[in-house]
Amino acid sequence: MAGELPGSDDLSTFEASGLVWRAEAAHAALVQREIAEKIDALDRIAGVELIKRNLVRAVWRVPLSDGRRVIVKRYRVAGVGDFMKYAVRDSRALTEWRVGRGLDAAGIATAVPLAWAERRIRGVLRDAALVTREIPDAVHLNAFVERHLLASGTDSLRASFYDDLARLVRRMHDAGFVHNDFHGGNLLVVGSPAAPRIHVIDLHSVARHGRPPEAARWFDLVKLLHSMLTCSTVAERRRICEVYESGAGTSGTRIGRLLAAGRLSAELEPELERMERKRVRSRTDRSLGRSSKFDVSTLDGLRVHHLRTVDPAAVVALLGPHRRDVAARARNVLKDGRRSALTTQVLATPAGPRPVVVKEYRGGGIVDRAKNVVRMPRAMSAWVAGNGLLVRGFDAAEPLALALTGRGPSLGSAWVVMEDLGDGARADLVVLARFAGDIGAAVRAEKAAFVAAAADLVRRLHASGVYHADLKAVNVFVRGGATPRFVLADYDRVEFDRPLSERRRVKNLAQLSASVPVCVTLTDRLRFFRVYAASEPAVAADWKRWFRRIVAAQSRKIVVRTRPIE
């Protein structure tokens, strides 16, 4: 963004830590002394809080000697792409400075910048930083809504808040600003539910126009509403658009035309669904690359995909004990088969020892190696599936790392390290422990809630296009008591984003039914199906045919009676 700096007459310029700084004159000495000269040591200064560190920037909350706190951002500049981009474009620090000062001048609440800095060598940007005022006691928009406006059931306060949000978006656009990354995480809210104030933050993608293009306005609004899918209804999203359109004369945008034609929700909701599908696919795929959450390391001839919070050396250190335990048939061996072996181990983490399961995928024969040319190998598929379940809002044994030897057809053994859910929480064992034998009314009510929660899990899996090809009770774990949460395990053969055929749905229902002990009665199983089919009237009405198909499929399986079958 070109143009004069707002308030540029009141700026001071100085050099510190190899950067050229420009700061509000009234605060320049303080910024120089307590931020600029110490920026390389912020991680080691008592009282400084690291808020975020990713591939783009590091962010700290820094206390000042006058009692206030500021937010310091330092932007990563690396690689030829960044060098070329910032040779012709403003740095993120300068963009945030200009936009932040411009929003503040337009009366739109934001984290007001105090200083910005750059280091350029022969015009090539090598480093950049920004200092802004802190927004005290602020929470992100979605958290504010869930904490204050959903749990309390204050519909009128939520409606008023969403009206304020719509007016903020309209004022921002009318002032010429489009955010381009406008989601709930980039909006902070302060104040009580009765008197909230919304601030726009993370401004490095913001552009300013004389009159923002129609497509840019629509994109901002749609991206915001997409981020609010879990804390807003269709009616509330339509209302936000209506209030946006009613501000200071018609906007002359697609929003107004769709509202006038009565087509807003018919156009908006499918677009939000498409954005959500794209989001979960993208976040699932990130597990195989480097991102703010994941990293890839090479150690001892192994390629290790891992969470950034997990030390790859600690992962590699588990593999030797795993092999020895399998060879010795130790007590911690959960499985030792032709294609895989599982042991429980303890992973060293910064937070202390963590129980984990190590699953070894043994190198297959020629056929398996040939398949690896055209398909994702089983270990990689499991790593992606576990992360994909979490992205889609399903509880799963958290995948912590994937270690591989070789690539493609040369792929040898591979290991997935995942959260250890513990034997005692396995769904079939829980059913036997809680519901076998004569039970009283209270336990019967608990069983009914358990059955309904399990049915809701399977319903949500299928409605989301998730197919778990081994959906047996031994692969479902239970957390919680009266209100159980189900956690999925052994997700090697999980598939995403495809409508499930009736055949696959029946297979899953039969798998689960066959693997649950008979203390879950026919009445319980009918209750299960009613909950499963509750959102599909045609399926619910056709329950007899579905039940016959499930029973027929179940008859071809080993059925659990009173003892678990592995």
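Residues numbered from 1 in each chain as written. Predicted model: local features only at pLDDT ≥ 70, side-chain atom pairs only at ≥ 80, totals over all residues. Heavy atoms only, no water.

Caption draft 1: Looking closely at the overall build of the protein. If you tally the helices and strands in the protein, you get 18 helices and 23 strands. Reported as C-alpha extents along the three principal axes, the dimensions of the protein are approximately 80 × 60 × 45 Å. A total of 566 residues make up the protein; the buried ones form 49% of that total. Here the analysis covers contacts within the protein between residues at least 6 apart in sequence; of these, 61% occur between residues at least 24 apart. Put simply, the protein shows about 26,700 Å² of open surface, and 52% of that area lies on carbon and sulfur atoms. Side-chain charges in the protein split into 92 positive and 63 negative, and the spacing between the mean points of these groups amounts to 7 Å. (Helix = DSSP H or I, 4+ residues; strand = E, 2+ residues; numbered from the N terminus. Buried < 20%, exposed > 50% of the residue type's maximum accessible area, 1.4 Å probe, protein only. Contact = heavy atoms within 4.5 Å. Areas by Shrake-Rupley, 256 points an atom, 1.4 Å probe, with all protein chains shown as cover. Lys, Arg positive; Asp, Glu negative; His and termini not counted. Charge placed at Lys NZ, Arg CZ, Asp CG, Glu CD.)

Caption draft 2: Region of interest: the layout of surface pockets. Estimates place the volume of the second largest pocket at around 610 Å³. Lining of the second largest pocket is provided by 22 residues; of these, Leu334, Leu342, Val474, Asn475 and Phe477 occupy positions nearest its centre. Counting residues per element, the ones that place at least two in the lining of the second largest pocket are strand S15 (333-336), strand S16 (340-347), strand S17 (354-361) and strand S19 (414-419). (1 Å grid on protein atoms, 1.4 Å probe; cavity = no way out; pocket = protein on both sides within 12 Å on 5 of 7 lines; lining within 4 Å. Points joined across faces, edges and corners; volume = space filled by probe spheres on them.)

Caption draft 3: Quick look at the nonpolar core. Counting residues in each nonpolar core, the largest one holds 78 residues, and the members touching the most others are Leu389, Tyr491, Phe528 and Phe529. Judged by nonpolar contacts, the second largest core, of 39 residues, contains Met172, Ile198, Leu221 and Leu272. (Core = buried A, V, L, I, M, F, W, Y, C linked by side-chain atoms within 4.5 Å.)

Caption draft 4: Region of the structure containing unusual backbone geometry. Positive phi values are uncommon outside glycine, yet Asp202 reaches one of about 50°. Mapped onto the secondary structure, Asp202 falls in the loop between strand S11 (197-200) and strand S12 (207-208). Residue classification places Asp202 among the buried positions, given a relative accessible area of 14%. With a phi close to 50°, Asp300 is a non-glycine residue in the positive phi region. Topologically, Asp300 is positioned in the loop between strand S13 (294-299) and strand S14 (302-307). On the accessibility criterion, Asp300 (69% relative accessible area) is exposed.

Caption draft 5: Structural context of the sheet that holds strand S18 (residues 399-404). With antiparallel pairing, seven strands are arranged side by side in an open sheet as S13-S14-S18-S19-S17-S16-S15. This sheet does not close on itself; its edge strands, each paired only once, are S13 and S15. Put simply, the sheet's adjacent strands are angled 20° from each other on average, direction ignored. Bridge count between S15 and S16: three bridges; the pairing is antiparallel. Looking at the pairing, Asp336 lines up with Ala341 of S16. Running at roughly 125° to S16, helix H10 (residues 312-328) makes contact with S13, S14, S15, S16, S17, S18 and S19 of the sheet. Contacts between helix H12 (residues 378-391) and the sheet are confined to S13, S14, S17, S18 and S19, with S18 contributing the most and set at about 160° to the helix. (Pairing = 2+ DSSP bridges. Axes fitted to C-alpha atoms, helices over the stretch in contact; angles between N-to-C directions.)

Caption draft 6: The arrangement of the sheet that holds strand S10 (residues 187-190) in detail. On the basis of which strands lie adjacent, the open sheet formed by three strands has the order S8-S10-S11 and antiparallel pairing. One side of each edge strand has no neighbouring strand; the edge strands of this open sheet are strand S8 (139-140) and S11. Across two bridges, S8 lies against S10 in antiparallel orientation. Bridge pairing in S10 links Val139 to Val189. Contacts between helix H5 (residues 155-174) and the sheet are confined to S10 and S11, with S11 contributing the most and set at about 35° to the helix.

Caption draft 7: Layout of the pattern of salt bridges. Using the criterion set out here, one finds 51 salt bridges in the structure. One salt bridge in this structure joins Arg527 and Asp524, with 3.0 Å as the shortest N-O distance. Pair noted here: Arg527 and Asp524 are both in helix H16 (residues 522-532), with a separation of three residues, about one helical turn. By relative accessible area, which is 27% here, Arg527 ends up partly exposed. When salt bridges with common partners are traced through the structure, they connect Glu49, Arg61, Arg69 and Glu134 into a single cluster. (Salt bridge = Lys/Arg side-chain N within 4 Å of Asp/Glu carboxyl O.)

Caption draft 8: Highlighting helix H14 (residues 441-463). For H14, spanning 23 residues, the distance from its first C-alpha to its last is 33 Å, which sits close to the expected 33 Å at 1.5 Å a residue. Where H14 is concerned, the buried positions are Lys447, Phe450, Val451, Ala454, Ala455, Leu457, Val458, Leu461 and His462. (Expected span 1.5 Å × (residues − 1).)

Caption draft 9: How the structure looks around the packing of aromatic side chains. Going through the model one piece at a time under the given rule, you end up with ten aromatic pairs. Relative to Phe547, the ring of Trp543 lies with its centre 6.3 Å away and its plane at 75°, an arrangement referred to as edge-to-face. Remark: Phe547 and Trp543 occur in helix H18 (residues 543-554); sequence separation between them is four residues, near one turn of the helix. Its relative accessible area of 16% is what places Phe547 among the buried residues. A cation sits over an aromatic face here: Arg254 above Trp218, 4.3 Å from the ring centre. Over the aromatic face of Phe496 sits the side chain of Arg392, whose NZ or CZ is 3.9 Å from the ring centroid. (Phe/Tyr/Trp six-rings, centres within 6.5 Å; stacked < 30°, edge-to-face > 60°. Lys NZ or Arg CZ within 6 Å of the ring centre and 35° of its normal.)

Caption draft 10: Representation of the environment of Leu165 within the structure. Considering the arrangement of structural elements, one finds Leu165 in helix H5. Its relative accessible area of 0% is what places Leu165 among the buried residues. For the pair Leu165 and Ala25, spaced 140 residues apart in sequence, the C-alpha to C-alpha distance is 33 Å. When sequence neighbours within four positions are dropped, the list of residues in contact with Leu165 reads Leu141, Leu187, Ile198, Leu224 and Met228.

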